[in-house]
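So you can see what is in the structure, the chains are spelled out below.
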Amino acid sequence: MVLDVLIRNGLVVDGTGNPWFRADIGIKDGRIVKVSRVISEEADRVINADGLIVAPGFIDLHNHSDIIEMTGSILLNRTAENLVMQGITTIVTGNCGYSAAPLSESLRKKLKERIAKAVKAGIISESVEIDWLTMREWMSRVEEVGVSVNVVPFVGFGTVRESVMSNPDRVEPTKEELEKMKAMVREAMEDGAFGMTTGLEYYPQCNASVEEIVELLKVVAEYGGVYMSHIRSEDDYLVEAVREHIKICKLAGVPCCISHHKACGYRNWGKVCETVRLIEEARREGIEVICDCYPWETAAVQNLGELLMPDLVSKEKLLEYLKDDVKWEEIKEEVQKRLEQELKRNEEMRKVLNRKGSPYPIVWDPRTYYRIVYSKSRPDLVGKNFSEVAEILGVKDPWEAMRKLYLNDDGETRVCVGDMREEDVITVLKQPWTAISTDASADVGCRELHPRAYGTYPRLFQRYVRELRILSLEEAIRKVTSLPAQFLGLKDRGLIKEGFAADIVIFDLRKIKCKATYAAPCKHPEGVHYVLVNGVLVIDEGEHTGELPGKVLKHQ
């Protein structure tokens, strides 16, 4: 037998958590056919991995590469360079309650209108024609165009809810609406979805009750699926939100994952000690709860312009507006009015959901909660909120501070929404049931502003394995391979094992380095030499080959 690829003399970390061992790996027809200390067969391609780590390909448990409002980025960036060059071979999509499918005809129309508006404003230059409704049709579209990574699809609760409910602001769907939602989830599961996700901190998903979510998850449970959730609060109501998540999983009878688990805002730092205790307690009771996290100390990062004017408008147009005193007063009045409306709406919904035993996410005041992570003109302001910046700049209020800084930065001011402390990140990271994720997407034209889109896995190995020694190499690799594979029910991925799919990453632990920063978030890492997806070299000596061997994996 002539092998397709032979990896020689690598330090194999097989994904089980066991210590590394030196071995050769033979690959044929997309599968690992032999793992042995010496392989004598010939091969079309031989890779010398002496001194390098050979591991299963990384499985990104929380990815957003199917978000239609971002033009369905995996359909545009089919090579997914920013992901696969980190060592990612499989992405899990449909997260935070938003999935590419299934869609109702009315929602498809709304999405087309949103995309057209973004193109007209110059926010995006390319768009995808939404020519699908069902999960099966979307999966077929991805397979038809070809992608460089494997895709594991989930159905988004928010997408289903918006497809069915004429007014998703309501807390309770009608009986007829609930049955329609259950039918959409059932069809998606039969099409091959692995489960359902929610984004209970996002409007209008946050209006949904526990009972509604449980009813849909009972359908997921019938098919042996799983549940992942951006829980209802990651800050002031974090502990209550974790309790609610565990309650939902227990009532629905599904394995569950808390997405990108963290404690945002300084007044909530330390709360992860209590949430870890709650998860351990639930697991002792037989409730299958895990979480994922990303090894960063900031949550979302956005351009300050998105806060000042969330209606789609180009950076150039916003700079023009801010230079005009009259237009600026209109913008400031609108921002303040929107904040007041959100606070009022939240208070009303909090009263309704509190009666049902659910916490309701609060609205953070952007003047004190948003912190600067990058300023082209004033790097000394990084880490400050806008109340502090106003005092430093000598302007009358935080809104004026935003205006002045954005103009001075020529529209390149970046802020984080939710800052964590590293001690809490480490607390979550160290738990045996914590997987790793990017919370990013296949980048289209460097739209990503958070460096996690380019550097999450290299940062994990550089900082938390090599530098701080928080995790052993073997434990870190288990967290990014066999742990997510086991949770998802992937029977032939996540391990270096004969008969398994040949999803493999080869990297140098001594040199692996995250180069993405808040100032320059779109930089590829160093130290990842080879990545194989289904036995095909996608990264060869650190360069993307352009190959598209990824598959849409279907839940059985």
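See the structure shown above.
Bear in mind that the values here come from a model prediction, so they are computed numbers and not experimental data. (Residues numbered from 1 in each chain as written. Predicted model: local features only at pLDDT ≥ 70, side-chain atom pairs only at ≥ 80, totals over all residues. Heavy atoms only, no water.)

Caption draft 1: Representation of the packing of aromatic side chains. As enumerated under the stated definition, the model contains seven aromatic pairs in all. With a centroid separation of 5.3 Å and 25 degrees between ring planes, the pair formed by Phe-58 and Tyr-457 is classed as stacked. Residue Phe-58 is located in strand S6 (residues 58-60), and its partner Tyr-457 is located in helix H17 (residues 452-467); the two are separated by 399 residues in the primary sequence. We classify Phe-58 as buried; its relative accessible area is 1%. An aromatic cluster is built from Phe-58, Tyr-457, Phe-461 and Phe-507, whose rings are joined through pairwise contacts. The ring of Tyr-294 is capped by Arg-452, whose NZ or CZ atom sits 4.5 Å from the centre of that ring. Over the ring of Tyr-464 we find Arg-463, and its NZ or CZ is 5.9 Å from the ring centre. (Phe/Tyr/Trp six-rings, centres within 6.5 Å; stacked < 30°, edge-to-face > 60°. Helix = DSSP H or I, 4+ residues; strand = E, 2+ residues; numbered from the N terminus. Buried < 20%, exposed > 50% of the residue type's maximum accessible area, 1.4 Å probe, protein only. Lys NZ or Arg CZ within 6 Å of the ring centre and 35° of its normal.)

Caption draft 2: Inspection of the sheet that holds strand S7 (residues 88-93) at higher detail. An order of S6-S7-S8 is seen for the three strands of this open sheet, with the pairing classed as parallel. The open sheet is flanked by S6 and strand S8 (150-153), the only strands paired with a single partner. Direction aside, neighbouring strands of the sheet carry axes that sit 20 degrees apart on average. Where S6 and S7 come together, three bridges link them in parallel fashion. (Pairing = 2+ DSSP bridges. Axes fitted to C-alpha atoms, helices over the stretch in contact; angles between N-to-C directions.)

Caption draft 3: How the structure looks around the nonpolar core. Membership of the largest hydrophobic core comes to 154 residues, with the highest contact counts inside it found for Trp-132, Trp-138, Phe-386, Phe-461, Leu-488 and Phe-507. Sorting elements by how many residues they give to this core places helix H8 (residues 238-252) first, with eight residues. One finds Val-5, Ile-47, Ala-502 and Ile-506 within the second-largest nonpolar core, a separate group that totals 18 residues. (Core = buried A, V, L, I, M, F, W, Y, C linked by side-chain atoms within 4.5 Å.)

Caption draft 4: Focus on the packing of helix H14 (residues 386-393) against helix H15 (residues 398-408). Where H14 meets H15, the closest approach of the two axes is 8 Å, and the angle between their N-to-C directions is 75 degrees. Between H14 and H15, the interaxial angle falls into the category roughly perpendicular. Here H14 contributes Phe-386, Ser-387, Val-389, Ala-390 and Leu-393 to the contact with H15, which in turn contributes Pro-398, Ala-401, Met-402, Lys-404 and Leu-405. In the contact of H14 with H15, the residues fall into eight nonpolar, one polar and one charged. (Parallel < 35°, antiparallel > 145°, perpendicular 65-115°, else oblique. Contact = heavy atoms within 4.5 Å. Nonpolar A, V, L, I, M, F, W, Y, C, P; charged D, E, K, R; others polar.)

Caption draft 5: Examining the state of the cysteines more closely. Summed over the entire model, instances satisfying the criterion amount to one disulfide. Two residues, Cys-249 and Cys-256, share a disulfide whose sulfurs are 2.5 Å apart. For the disulfide bridge between Cys-249 and Cys-256, the dihedral angle about the S-S bond is near 125 degrees, and by the sign convention the bridge is right-handed. As far as burial versus exposure is concerned, Cys-249 and Cys-256 are alike and both buried. (Disulfide = S-S within 2.5 Å.)

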